[in-house]
Amino acid sequence: MDSTMKEKLDAIVREAEEKLKKAADPDALNDVRVNVLGKKGALKELMKGMKSVAPEDRPKIGALVNEARDRVTAQIEERKKEIDLKIMEDRLAAETIDVTLPASKAEIGHRHPNQIALEELERIFIGMGYEVIEGPEVEWDEYNFTKLNIPPNHPAKDEQDTFYINKDIVLRTQTSPVQARRMEQGNLPIRMISPGRVFRSDEVDATHSPSFHQVEGLVIDKNITFADLKGTLDKFAKEVFGPDTKTKFRPHHFPFTEPSAEMDVSCFKCGGKGCRFCKGEGWIEILGCGMVHPHVLEMCGIDPEEYTGFAFGVGLERIALLKYEIDDMRLLYENDIRFLKQF
Ligand code: DAH
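Residues numbered from 1 in each chain as written. Predicted model: local features only at pLDDT ≥ 70, side-chain atom pairs only at ≥ 80, totals over all residues. Heavy atoms only, no water.

### Focus: the overall build of the protein
Note the cut-off: Numbering goes from the N terminus for both helices and strands, where a helix is a DSSP run of H or I of at least four residues and a strand is a run of E of at least two. Both definitions apply: the radius of gyration is a C-alpha atom measure, and the globule rule equals 2.2 Å times residues to the power 0.38. Relative accessibility decides the category of a residue: with a 1.4 Å probe and only protein chains considered, values under 20% of the type maximum give buried, values over 50% give exposed, and everything between is partly exposed. Should any heavy atoms of two residues lie within 4.5 Å, those residues are considered in contact. The method behind every accessible area is Shrake-Rupley, applied with a 1.4 Å probe, and residues are considered shielded solely by the protein chains displayed. In this count, Lys and Arg are taken as positive residues and Asp and Glu as negative ones, while His and the chain termini are left out. Each charge is placed at NZ for Lys, CZ for Arg, CG for Asp and CD for Glu.
The number of helices and strands found in the protein is twelve helices and nine strands. Computed over C-alpha atoms, the radius of gyration of the protein comes to 40 Å, more than 25% over the 20 Å expected from 2.2 N^0.38 for 343 residues, which places it beyond the range of a compact globule. For the C-alpha atoms alone, the extent of the protein along its principal axes is close to 120 × 50 × 35 Å. Relative to its 343 residues, the protein shows a buried fraction of 41%. The contacts in the protein between residues at least 6 apart in sequence include a share of 67% that link residues at least 24 apart. Accessible surface computed for the protein: about 19,800 Å², of which carbon and sulfur atoms make up 52%. Averaged over its 49 positive side-chain charges, the protein has a centre that lies 6 Å from the centre of its 61 negative ones.

### Brief notes about the sheet that holds strand β4 (residues 190–199)
Condition: Strands qualify as paired when DSSP identifies two bridges or more between them. Structural elements are reduced to axes, namely lines fitted to C-alpha atoms, with helices fitted over the stretch in contact, and the angle between N-to-C directions of any two is expressed from 0 to 180 degrees.
Reading across from one edge, β1-β4-β5-β9-β8-β7-β6 is the order of the seven strands in this open sheet, with mixed pairing throughout. Each edge of the sheet is formed by a strand with only one pairing partner; in this case those strands are β1 (131–132) and β6 (247–254). As paired strands, β1 and β4 are joined by two bridges and run parallel to one another. When the sheet's bridge partners are listed, Val 132 is paired in β4 with Ile 193. This element, helix α5 (residues 113–127), spans β1, β4, β5 (211–221) and β9 (308–315) of the sheet and lies at about 165° to β4. Contacts from helix α8 (residues 226–241) reach β6, β7 (257–266), β8 (283–292) and β9, with the element oriented near 150° to β8.

### Some details on helix α10 (residues 316–323)
Most of α10 is tucked away: six of the eight residues are buried. Among the residues of α10, Leu 316, Glu 317, Ile 319, Ala 320, Leu 321 and Leu 322 are the ones counted as buried. Looking at the buried side of α10, the elements it contacts are α5, β5, α8, β8, β9 and α11 (331–334). Backbone geometry just downstream of α10 places Glu 325 in the positive-phi region, at approximately 50°.

Laid out in structure tokens, this is it:
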């Protein structure tokens, strides 16, 4: 019988056994499988040498090769079981849960001062029968400006103030476009507020941010007068800043209202005498407001002969800063939980 074939075969089996002993993971096992039993493996290579074996020896050699194949196959299987078991044991050890350990504390956040102020505003206006609606932050120039009576050459449209997406689309600079959207829907009368984020191309400082929040208000009905505006906003001011709060309306200009005003509240720190908080004025500016301009009503499909209305816009951060006596707006955007937990 051909002894070189037998020696080679023994060597293959021995080497396979060595490698299997060392194999520590399924990949290593697979390497042995491919290198020994595979299509281009050592056993197939060996069989190529059969040509040189004497014909009478070939069946014997063939039987030996088969035996070797079975043996290596069985050993791979066995080693696989061991490795799988080891993997499982390692996992069980690594993933053990000690149910007797105290739970790690879940960090919960805190409502943001803006959110607290907003919820208070919503409570007040919902209590007066208003609906709360939202509009898009990315807005048509048409709604942000044109339908609010803001002409193409108005300074607010300057690129220094407004973020333009393209010539027709802006990041809304105010929540007022929601007025136009709501009026266009018809379905009168309207009593709505619309809170949301607005954007202006401002540098960050203690009182400015390129992104802040406003709450818009709009009332449209028959026979709405400036007295309704004053009564509503006075009630709002007393709810937010306390029952002794007085209000004052100063003439102002907004393109979408006529007449327009700014509302001041008496300083809730000094009661109006003048202090550091109100910079000696006794009054604090709170919001812009006015009677909806007839041209705006018309552009939004409402007959100004039949309906009138008032509108207002409040800076939410401004209310939060005043109410909680925070002197730097940047604190509102840092989301430091130690700061937020104070409110
Ligand atoms: N949109 C105005 C602003 O951003 C605020 C405002 C003023 C809104 C008067 C109104 C209003 O609805 O009537 O400065």
